[in-house]
Amino acid sequence: MRIDEVGLPAQVRGEGLETPALPSTPLRNKATQREPNVTHEHEPNAEAEGGPENDRSLPDAADAPVHATAEESDAPPWSQDEEQRPTARILVVQMGHCFRTSGATGTPGEQTLVKAVADACAEELGKPGPPGREFWHLRVIKADEPVEQYAGDAFVAFHCDGSTNQNARGASVGYRNAAGQSLAQAWKHAYEQHGWSGGFRDDNYTENLKKYYGTRIAIEAGNQRAFIAECGFLTNRDDKALLTGPGGVNRVVRALFDALGI
C-alpha cells in the first residue's frame, strides 16, 4: 500500500467533502454589482490565491507567451538521498478556490475539476503499489486552512485558468525556490508525456501567481517542494476537452505521481 489513512481525521483523508455548488452567472453578476472588482486579495489580511481570473487589475493570462512543449529547467534535481527520510511521507494536495463562495472563487467549473483531481489522488494512492515503493500519506485541503495543514514533504495546489479570450490556452506552474521548481518542472514534463497537448505558459506568468499564498505558507510550514499547477484554460474549447474529457483528471494526477516517483 502506498497510503495508510488509518487514524487520520476525515478532512485529512478527503472524506466529507461535497462537490461545491458553483454560483450561476446571474448570481455572479449580482455579486459583482454589489462589490465591484472584489477579489480575495482585497479581503482583510488576505492575499490573492493565484491566477488572474478574479482580478481585473492584473494582466489577462491570455497575454502571456505559450510554448508548444515543456521547457527544460535549470533547477537542480531534488536529492532525496540528502534527506533524513521519515518512515512515511506526506503529500499535501490543495483544491484551488474550494469551497469559497465569495472573493477569488475561480473560473467557472474550476472548483469541480480540482475536487475531482483530489478525489482521484486519494483513489490512486489507495491502490497497492509494488514492493519497495515509498510510503505516502495524503492530506487534501481546501483553499483556506490553518498553517499546520500545509506541512509535509510535497505540496501542490491544483488550479485551472480562465480568460475572456477564448483562444487563450496552456498550462503553467508557479513556485518559490529550487525545490519547488524542480518538482514543478518534473510535473510539466510528465503532464506532456501523459498526453497534454495544450502547450505551456511561462512559469510565474502573473504577479498573482508569484505571490500565491499557498506556496508561501507551505514553505513556512517546512514543506519546501511546493508549487501551484494551472492545469489549462477551462475557457478554451480544446483545453477544456483535455481537462474534462476521458482521462483528463487522471492525466493531472498521474503526472504528479510520476514527478514524485510514487
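Residues numbered from 1 in each chain as written. Predicted model: local features only at pLDDT ≥ 70, side-chain atom pairs only at ≥ 80, totals over all residues. Heavy atoms only, no water.

Draft legend 1. Highlighting helix H4 (residues 178-193). Helix length check: H4, at 16 residues, gives a terminal C-alpha distance of 23 Å against a target of 22 Å (1.5 Å per residue), a fit within 8%. If you check which residues of H4 are buried, you get Ala179, Gly180, Gln181, Ser182, Leu183, Ala184, Gln185, Trp187, Lys188, Ala190 and Tyr191. On its buried side, H4 packs onto strand E4 (154-161), strand E5 (172-175), strand E6 (200-201), strand E7 (226-233), helix H7 (237-244) and helix H8 (248-260). Between the side-chain oxygen at the start of H4 and the backbone nitrogen of Ala179 there is a gap of 3.3 Å, and the oxygen is on Asn177. (Helix = DSSP H or I, 4+ residues; strand = E, 2+ residues; numbered from the N terminus. Expected span 1.5 Å × (residues − 1). Buried < 20%, exposed > 50% of the residue type's maximum accessible area, 1.4 Å probe, protein only. Contact = heavy atoms within 4.5 Å. Polar contact = N/O pair within 3.5 Å; in protein donor to acceptor, adjacent residues only side chain to side chain.)

Draft legend 2. Summary view of the side chain of Arg225. On the secondary structure map, Arg225 appears in the loop between helix H6 (213-220) and E7. Among the polar contacts listed, one links the side chain of Arg225 to the backbone oxygen of Asp153, at a separation of 3.2 Å.

Draft legend 3. Spatial organisation of the pattern of salt bridges. Taken as a whole, this structure holds ten salt bridges when the rule is applied. Taking the shortest distance from any N to any O, the salt bridge between Asp239 and Arg169 comes out at 2.7 Å. On the criterion of sequence distance, the pair formed by Asp239 in helix H7 and Arg169 in the loop between E4 and E5 is long-range, its members being 70 residues apart. Connected via shared salt-bridge partners are Glu124, Lys127, Arg254 and Asp258. (Salt bridge = Lys/Arg side-chain N within 4 Å of Asp/Glu carboxyl O.)

Draft legend 4. Expanded view of the confidence of the model for the protein chain. When pLDDT is averaged along the protein chain, the result is 77, and 69% of the positions lie at 70 or above. Here helix H2 (residues 25-34) stands out as the least confident element of the protein chain, with mean pLDDT 32; H7 is the most confident, with 98. Contacts for the low-pLDDT stretch residues 1-47, under 50 throughout, to residues beyond four places or in other chains number 85 contacts. Considering only residues more than four positions removed or in separate chains, one finds that residues 51-55, a stretch of pLDDT under 50, has 25 contacts. (pLDDT = per-residue confidence, 0-100.)

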